[in-house]
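Each chain, written out:
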Amino acid sequence: MAKILDGKALSAVVKDEVRSEVVELEAKYGRKPCLCVIIVGENPASQVYVRNKVKAAAYTGMESRLIELPSSVSEETLLGKIAELNSDPSVDAILVQLPLPKHIDEEKVIYAVAPEKDVDGFHPSNVSLLWLGKECIVPCTPAGVMRLIDSTGVDICGKTAVVVGRSNIVGKPVAKLLLDRNATVVIAHSRTADLGAVTRQADILVAAVGKPGLIKGEMVRPGAIVIDVGINRTEDGKLCGDVDFASCSEKASWITPVPGGVGPMTIAMLMKNTIRCFKSRVPGAR
Ligand code: NAD
């Protein structure tokens, strides 16, 4: 039976690390890191995420600002707001909650955030630095996945890691971070011919797909570490992951639950990234 990788408990540890750092930074530089979150419209899931992000920021003692814009807001107005925050010296980190309403070009918005304030690590400058193996802002969910894997104490070097999903925000960056730690990495996706044959090779299996229960116990190698990034809502309104927890926990050595696994770690790593943005902007703080 697998041990549970408790993302809620680990996220509390990370947030406490940030909380101590905020105190030190304020004492040293005379101001707290400031995270600015923009939400457009009333998407209920986005509202929950944003609320949790602002709550976490308050817990760590950093400053946070929430900018709520109506779903009818024009792309021009949103870009203007981002430009304003880019040039505001009191703002260290900017997050625009995705998805955006259809009339707004998400790519334009991502590109508009100043790379040094791009707390999500989605700007092409940060993405290219990540792929070049240079210091950069690492996207929050992939960073949280790595911290969860590290908390098992298992050495990633030389292990076979299979990442299911190849999105720019989760699958690809997770694969790159595992590669940086000398794992042998396979990326599986919607066109993978025999998914089970691929996932059964994994010492470390990361599922980031968005399909409830896609990964079944028979697809898991005995003793594997299984990380479930998926957040899906069932018909009865409950949250579930991409991993069939009951059957996979019979096979895995470690497994993340949903909820309470990767989700809370994403928010905790957002706090870490805000500190990183602050340090990159304050002379001498790095
Ligand atoms: P996405 O839709 O951008 O990408 C999904 C990927 O899954 C694609 O690359 C696709 O090739 C692959 N895929 C689709 N069907 C497949 C199949 N049958 N077999 C194998 N691969 C398949 O999604 P995303 O943005 O990467 O998000 C993935 C999931 O993770 C979603 O459930 C999302 O809600 C969740 N998510 C969670 C967090 C968190 O903080 N826990 C953060 C981001 C995303």
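All values reported here derive from a predicted model rather than from experimental measurement. (Residues numbered from 1 in each chain as written. Predicted model: local features only at pLDDT ≥ 70, side-chain atom pairs only at ≥ 80, totals over all residues. Heavy atoms only, no water.)

Examining the sheet that holds strand β11 (residues 254-255)
Part 1: Strand order in the open sheet formed by six strands is β1-β11-β8-β7-β5-β6, with parallel pairing between adjacent strands. Every other strand in the sheet has two partners, leaving β1 (3-4) and β6 (184-188) as the edge strands with one partner each.
Part 2: Bridge count for strand β5 (residues 160-164) against β6 is five bridges, and the pairing is parallel. Opposite Val162, over in β6, you have Val186 as the bridge partner.
Part 3: Sheet contacts for helix α6 (residues 140-150): β7 (204-207) and β8 (225-228); angle to β8, the most-contacted strand, approximately 150°. (Pairing = 2+ DSSP bridges. Helix = DSSP H or I, 4+ residues; strand = E, 2+ residues; numbered from the N terminus. Contact = heavy atoms within 4.5 Å. Axes fitted to C-alpha atoms, helices over the stretch in contact; angles between N-to-C directions.)

Brief notes about the pairing of strand β3 (residues 63-69)
Part 1: Across seven bridges, the pairing between strand β2 (residues 34-40) and β3 is parallel. Paired with Ile39 across the strands is Glu68, a residue of β3.
Part 2: In this fold, the crossover linking β2 to β3 by way of helix α2 (residues 44-60) has right-handed handedness. (Right-handed = clockwise from strand over helix to strand, strands pointing away.)

Structural notes on the sheet that holds strand β4 (residues 93-96)
Part 1: If you walk across this open sheet you meet the three strands as β3-β2-β4, and the pairing is parallel. In this open sheet, the two strands that pair with only one neighbour each are β3 and β4. Pairwise comparison of adjacent strand axes, ignoring direction, gives a mean angle of 15° for this sheet.
Part 2: Lying on the sheet, α2 is in contact with β2, β3 and β4; it crosses β2 at an angle near 165°.
Part 3: Most of the contacts of helix α3 (residues 75-86) go to β2, to which it runs at about 180°, and overall it touches β2, β3 and β4.

Here's the deal with the nonpolar core
Part 1: Judged by nonpolar contacts, the single largest core of 54 residues is most densely connected at Leu35, Leu178, Val206, Ile227 and Met271.
Part 2: No other element matches the 10 residues that helix α10 (residues 262-281) contributes to this core.
Part 3: Of the domains in this structure, domain 1 (29-115) and domain 2 (140-263) are the two that each give at least three residues to this core.
Part 4: With sequence-adjacent residues up to four places away left out, Met271 is seen in contact with Lys15, Val18, Leu35, Lys53, Ala56, Ala57, Thr60 and Met62.
Part 5: The next biggest cluster of nonpolar side chains, apart from the first, holds 18 residues, and it includes Val162, Ala202, Ile215 and Ala224. (Core = buried A, V, L, I, M, F, W, Y, C linked by side-chain atoms within 4.5 Å. Buried < 20%, exposed > 50% of the residue type's maximum accessible area, 1.4 Å probe, protein only. Domains from an automatic or database assignment.)

Some remarks on the pairing of β2
Part 1: Of all seven residues making up β2, seven are buried, and the element is well covered by its neighbours.
Part 2: Because side chains alternate across β2, one face comprises the buried residues Cys34, Cys36, Ile38 and Val40, and the other comprises Leu35, Val37 and Ile39, equally buried.
Part 3: Where β2 lies against β4, four bridges are found, and the strand directions are parallel. When the bridges of β4 are listed, Ile38 appears paired with Val96.

Quick look at the domain arrangement of the protein chain
Part 1: For the protein chain, the assigned domains read domain 1 (29-115) and domain 2 (140-263).
Part 2: Between the C-alpha centres of domain 1 and domain 2 the distance comes to 29 Å.

Quick look at the site of the ligand
Part 1: The ligand sits among 22 residues. The nearest are Arg166, Ser167, Val229, Ile231 and Thr266.
Part 2: Note that an oxygen atom of the ligand is positioned 3.1 Å from one of the backbone N or O atoms of Ser190.
Part 3: Val229 places a polar main-chain atom, nitrogen or oxygen, 3.4 Å from a nitrogen atom of the ligand.
Part 4: Coverage of the ligand by the protein amounts to 72% of the 850 Å² it exposes when considered alone.
Part 5: Residue classes in the shell around the ligand are distributed as 10 nonpolar, 10 polar and two charged. (Near = heavy atom within 4 Å. Polar contact = N/O pair within 3.5 Å; in protein donor to acceptor, adjacent residues only side chain to side chain. Areas by Shrake-Rupley, 256 points an atom, 1.4 Å probe, with all protein chains shown as cover. Nonpolar A, V, L, I, M, F, W, Y, C, P; charged D, E, K, R; others polar.)

Section: the packing of aromatic side chains
Part 1: Using the criterion set out here, one finds one aromatic pair in the structure.
Part 2: The ring of Tyr59 has Arg19 sitting right over it, with the charged end atom 4.5 Å from the ring centre. (Phe/Tyr/Trp six-rings, centres within 6.5 Å; stacked < 30°, edge-to-face > 60°. Lys NZ or Arg CZ within 6 Å of the ring centre and 35° of its normal.)

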